[in-house]
Amino acid sequence: MLLLRGRSFRSQSPIQRPLTQRTIARLHRGLTRTSVTLAFLGLGGWTAFETSDSFQHFVHAVRRCSIIGEAVICDVIDYKHTLQADFATEEEKLNAQSRCHKRSAERILEALKINGGHGIVQGQHISSVNLLPIEWTSTMKPLQDQCFPTPYEDVAALFKEETGQELEEVFSWFSREPIGVASLAQVHTAIDRNTGRKVAVKIQHPRLEEWAHIDMAATTVALAWVKRVFPEFEFSWLGEEVRTNLPLELNFLQEADNTSRVKANFADVKHTSLYIPEVLSATKRTLVMEFISGARVDDLDYLARHKIDRNQVSQELSRIFSTMVYLHGFFHADPHAGNLLIRPKPVRSRSPYNFEIALLDHGLYFDVDDELRINYAKLWLSLITPGGKEDRRKYAQLVANIGPDLYPIFESSITGRPGLEGTWEDAPEGVSARPRSMLELSTQSEEELERMRGAVLEREGLLVSVFSMLRVVPRAVLMLFKMNDLLRNLDAELKTTHDSTRVFLIVARYCSSAVWRDDCRGFFTRWRDLGASISLFTGLVRRWFAYHLIYDGLRIIEWEMDFVARYSVFMLARYLYSSV
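Residues numbered from 1 in each chain as written. Predicted model: local features only at pLDDT ≥ 70, side-chain atom pairs only at ≥ 80, totals over all residues. Heavy atoms only, no water.

**What about the overall build of the protein chain?**
Tallying secondary structure elements over the protein chain gives 20 helices and 14 strands in all. Classification of the 580 residues of the protein chain by burial places 46% in the buried group. Across the protein chain, every contact between residues at least 6 apart in sequence was considered, and the portion connecting residues at least 24 apart equals 69%. By element, 57% of the accessible surface of the protein chain is carried by carbon and sulfur atoms, the whole surface being about 30800 Å². (Helix = DSSP H or I, 4+ residues; strand = E, 2+ residues; numbered from the N terminus. Buried < 20%, exposed > 50% of the residue type's maximum accessible area, 1.4 Å probe, protein only. Contact = heavy atoms within 4.5 Å. Areas by Shrake-Rupley, 256 points an atom, 1.4 Å probe, with all protein chains shown as cover.)

**Quick word on the nonpolar core**
If you look at the biggest cluster of nonpolar residues, it comprises 93 residues, and the most contacted ones within it are Tyr326, Phe331 and Phe410. Top element by residues in this core is helix H19 (residues 502-530). It accounts for 10 residues. For Tyr326, the contacting residues outside a window of four places in its chain are Arg373, Tyr376, Ala377, Trp380, Val507, Tyr510, Cys511 and Ala514. Of all hydrophobic cores here, the second largest spans 14 residues; its members include Tyr152, Phe171, Ile203 and Val288. (Core = buried A, V, L, I, M, F, W, Y, C linked by side-chain atoms within 4.5 Å.)

**Remarks on unusual backbone geometry**
Positive phi is not limited to glycine here, since Lys307 has a value of about 55°. Among the structural elements, Lys307 can be located in the loop between helix H11 (300-305) and helix H12 (310-328). One non-glycine residue, Asp361, lies in positive phi territory at about 55°. Here Asp361 is to be found in the loop between strand S13 (355-359) and strand S14 (365-367).

**Considerations on the sheet that holds strand S10 (residues 295-296)**
The strand order across the open sheet formed by 4 strands is S7-S13-S12-S10, and the pairing between neighbours is mixed. Every interior strand has two partners, whereas the edge strands, strand S7 (274-275) and S10, have only one. Relative to strand S12 (residues 340-344), S10 is paired through 2 bridges, and the arrangement is antiparallel. Pairing of Arg296 across the sheet is with Leu341, part of S12. (Pairing = 2+ DSSP bridges.)

**So, the packing of helix H14 (residues 389-400) against helix H15 (residues 407-415)**
Look at H14 against H15: their axes get within 11 Å of each other, and the N-to-C directions meet at 80°. The orientation of H14 relative to H15 falls into the category roughly perpendicular. Facing Arg392, Arg393, Ala396, Val399 and Ala400 of H14, the residues of H15 in contact are Tyr407, Phe410 and Glu411. Here the residues of the contact of H14 with H15 sort into 5 nonpolar, no polar and 3 charged. (Axes fitted to C-alpha atoms, helices over the stretch in contact; angles between N-to-C directions. Parallel < 35°, antiparallel > 145°, perpendicular 65-115°, else oblique. Nonpolar A, V, L, I, M, F, W, Y, C, P; charged D, E, K, R; others polar.)

**Quick notes on the packing of aromatic side chains**
For the structure on display, the rule yields 17 aromatic pairs. An aromatic cluster of three or more residues is present, and its members are Tyr152, Phe159, Phe171 and Phe174. Here the guanidinium or amino end of Lys202 rests over the ring plane of Phe252, the centre of that ring lying 4.9 Å away. Sitting above the plane of the Tyr275 ring, Arg343 keeps its charged end 4.8 Å from the centroid. (Phe/Tyr/Trp six-rings, centres within 6.5 Å; stacked < 30°, edge-to-face > 60°. Lys NZ or Arg CZ within 6 Å of the ring centre and 35° of its normal.)

**Quick word on the pairing of strand S9 (residues 286-290)**
Extensive coverage of S9 is indicated by the burial of 5 of its 5 residues. The pairing of strand S6 (residues 198-204) with S9 spans 5 bridges and is classified as antiparallel. Across the sheet, the residue bridging to Val201 is Val288, located in S9. As paired elements, strand S8 (residues 279-282) and S9 share 3 bridges and run antiparallel to each other.

**Topic: the environment of Asp562**
Secondary-structure assignment places Asp562 in helix H20 (residues 534-579). When neighbours within four sequence positions are excluded, Asp562 is seen to be in contact with Gln315 and Arg502.

**Some words on a nonpolar patch on the surface**
Together, Phe524, Trp527 and Phe537 line one region of the surface with nonpolar side chains, adding up to about 310 Å² of accessible area. Mapped onto the secondary structure, Trp527 falls in helix H19. What makes Trp527 partly exposed here is its relative accessible area of 36%. (Patch = residues over 30% accessible without salt bridge, like charges linked within 9 Å, V, L, I, M, F, W, Y side chains within 5 Å. Salt bridge = Lys/Arg side-chain N within 4 Å of Asp/Glu carboxyl O.)

In structure tokens, the structure reads:
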């Protein structure tokens, strides 16, 4: 500021000085060049986007990665803030963590819904892992039905690209609207032009394979970043599952092979309600199969109209999947209700009941090697046997690399219960006296089970133990967890009236059969290698008696439970009739 003759003047800044004509012209030229440059860049970007598949791919890839990246970053910041905060009481801490779980799950849910396809698959997988906080699994549940159909024109184009033929050349009629839509594909009905046979045509959603590589890379980077910020929270198992499973599910030729293999496995099973639809033709992204008319296995109105016993349906599901796991070592890893159709028993069916269960979507199967299969069967038998505490921990180590510190979490993940007697050194608050074996488990409501699971998960440091367990457990065992959870959910959705331990008895009988068959194989192997001996034969006789003691004993208990269930239904019907 200048002081002159008692008056003060502010020195003029460059902006405040009057603009000369030269300055105005220079600014005008600069703005013109900038505008032209931006216009050319915009026009070039628009032209590249419209004409170049590679540039479109790049733009969409950046968009998809930024959507999931933003959600993950916000979640990490939210968790970091919540876990480092101080709370006056333990209740305040748990409530704050629960709200953080919910907020974080909702952010990821929105990101997965926007990206669709592979993102939906990830969310569905998260929703089926019951060991995760309930806020996460319940938030992801809607993704089980959150699938949008591909327009008919895109379906026709993909079919032509895959097969080299128009839909009209192969089918005399093709439904424009799908009868079912899943995260990776949708199914249409059609009439085969050559045979006149009604078929189901499964068509993969376009561009899934293209985005799969991008989404898997983005998932891997995001999970690695989470691990860097929170080393104790291990999510790499989720990325590994996706990287391994998704390419298999995207290849319908693999699904056709799985279908043939499981059909051959059950060819010698004389009495089973399982039906595998015939695959008529397949390419990598299309599958034409036999059409099956029926309803979802959990459609209670359909079951009632056709006089199908809900208890028998649940028990048959347990027998089918126990056969796969314990006897064949090759199992369907996604048995949710949408993949299981039920229909009245047709002529020449092998079903011992008045219904058949058609198993669909054979894209995701797992092999269980003989050693793992037998040890897993022995683990289940130890859970059935009172006082089998030491055997349970022994086989948990052999099956899943689980030590004493993680065993309680492992047992809960298998049984769906907080634990048997001797599982925990101290019972969590809210969990009373423990049963000695699975046979002593009482029927409980879903609310009671959720409260007990919550009491377990609220134990100090237990959530970290859950992630530690998910890191060390083999992939096939993780898929067995998922299969067990889905089957338990089906039993609940069927609103069965049998005792809650009924399906466990079926599992145990198949486990005992698996162990006995293995004993017989071992007997003949030792006979061939070492020759016959008295000890060899007496050992086989002892195992034979042990097998029948378990197998026949459990069968007697099953008969008793079935009689009680039928008698209870009869008495209820009689009471209702007399009160009318």
